[in-house]
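Architecture and fold: a report
Now for the letters of each chain:
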Amino acid sequence: MTILKSTALVLFATLTLVACGKAGLAPGAVVNKTSGVGIHGFDPVAYHTRQKATQGLARHQTEYQEVVYRFASEQNLATFTQNPDRYLPAYGGYCAYAMSNGDIVDINPRNWAVIDGQLYLNANIFAQGLFSIGTEKKIEKADGHWGTLTLRATSGQE
């Protein structure tokens with residue numbers, strides 16, 4: 001039984017490291033934007049309306065707070081334009097699970113959840129699974145870390 005517990009603990013620790021990805025992103029950018037594009041070009045509205053990660057198109061894009069967002073349709077672009085803050089991902093589009101641990105990690109836009117109207121993105125399937133366990137507590141912890149990290153980022157501290 002002790003070997004089983006030890007094996008489970010090692011497996012959990014390994015999965016936690018894999019989940020976070022440890023990409024080592026510095027908190028210098030408040031919004032995760034690859035080449036100036038938020039959510040790696042995925043449509044932030046589609047997560048809410050289609051319940052699906054949907055690639056946006058360059059012909060349906062807008063800039064909001066110095067970040068380009070792309071949309072699958074003109075309708076989604078118009079919806080976003082009417083109320084952009086409603087559709088922006090939590091934690092600037094960084095991994096929600098990693099943020100709950102005080103880390104800043106890039107995301108895979110196919111690993112996501114909308115909870116109480118808020119979009120949460122995660123680094124990979126492992127992070128997504130861990131984020132789904134005790135989600136409320138993880139969001140509470142991530143909110144606290146995000147406030148500290150954004151304060152450091154906007155003041156220029158690393």
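See the structure printed just above.
Read on for an overview of the structure. (Residues numbered from 1 in each chain as written. Predicted model: local features only at pLDDT ≥ 70, side-chain atom pairs only at ≥ 80, totals over all residues. Heavy atoms only, no water.)

Let's talk about the overall build of the chain
- Check the secondary structure of the chain and you find 7 helices and 6 strands.
- Sequence-ordered secondary structure for the chain, helices as α and strands as β, is α-β-β-α-β-β-α-α-α-β-β-α-α.
- Among the 158 residues that make up the chain, the fraction classed as buried is 41%.
- Across the chain, every contact between residues at least 6 apart in sequence was considered, and the portion connecting residues at least 24 apart equals 62%.
- For the chain, the exposed surface amounts to about 8,600 Å²; the carbon and sulfur share of it is 55%. (Helix = DSSP H or I, 4+ residues; strand = E, 2+ residues; numbered from the N terminus. Buried < 20%, exposed > 50% of the residue type's maximum accessible area, 1.4 Å probe, protein only. Contact = heavy atoms within 4.5 Å. Areas by Shrake-Rupley, 256 points an atom, 1.4 Å probe, with all protein chains shown as cover.)

Quick look at the pairing of strand β5 (residues 108–115)
- Relative to strand β6 (residues 118–122), β5 is paired through 5 bridges, and the arrangement is antiparallel. Each residue of the ladder has a partner; that of Ile115, found in β6, is Gln118.
- In textbook terms, the turn of a hairpin is the stretch between consecutive antiparallel strands, and for β5 and β6 this stretch comprises 2 residues, one of which, Asp116, has a positive phi near 50°. (Pairing = 2+ DSSP bridges.)

Let's talk about the side chain of Asp43
- One can find Asp43 in the loop between β2 (37–38) and α2 (46–49).
- It turns out Asp43 is buried and unbridged, and the closest side chain with the opposite charge, Arg50, is 6.8 Å from it.
- A distance of 2.8 Å separates a polar atom in the side chain of Asp43 from the backbone nitrogen of Ala72. (Lys, Arg positive; Asp, Glu negative; His and termini not counted. Salt bridge = Lys/Arg side-chain N within 4 Å of Asp/Glu carboxyl O. Polar contact = N/O pair within 3.5 Å; in protein donor to acceptor, adjacent residues only side chain to side chain.)

Here we look at the environment of Gln61
- Following the sequence through the fold, Gln61 ends up in strand β3 (residues 57–64).
- We classify Gln61 as partly exposed; its relative accessible area is 33%.
- Between the alpha carbons of Gln61 and Glu74 there is a distance of 8.7 Å; along the sequence they are 13 residues apart.
- When residues no more than four places from it in sequence are discounted, the contact partners of Gln61 are Val68, Tyr69, Arg70, Phe71 and Leu77.
- For Gln61, the side chain forms a polar contact with the side chain of Arg70, separated by 2.9 Å.

Quick look at the pairing of β3
- Of the strand pairs in this sheet, β3 and strand β4 (residues 67–71) are connected by 5 bridges, and their pairing is antiparallel. From the neighbouring strand, Glu63 faces β4, where its bridge partner is Val68.
- Between β3 and β4, which pair antiparallel in sequence order, lie 2 residues; one of them, Gln65, sits at a positive phi of approximately 50°.

Observations concerning unusual backbone geometry
- Phi at Gln51 is positive, roughly 50°, even though this residue is not glycine.
- Relative to the helices and strands, Gln51 resides in the loop between α2 and β3.
- Residue classification places Gln51 among the exposed positions, given a relative accessible area of 53%.

Section: the environment of Ala72
- Checked against the element boundaries, Ala72 lands in the loop between β4 and α3 (74–82).
- Assessed through its relative accessible area of 26%, Ala72 is described here as partly exposed.
- On a C-alpha basis, the gap between Ala72 and His60 in space is 6.8 Å, while along the polypeptide they are 12 residues apart.
- Sequence-distant contacts of Ala72, defined by excluding residues within four places in its chain, comprise Asp43, Thr54, Gln55, Gly56, Leu57 and His60.

Such coordinate-based values are descriptive only and should not be taken to indicate function.
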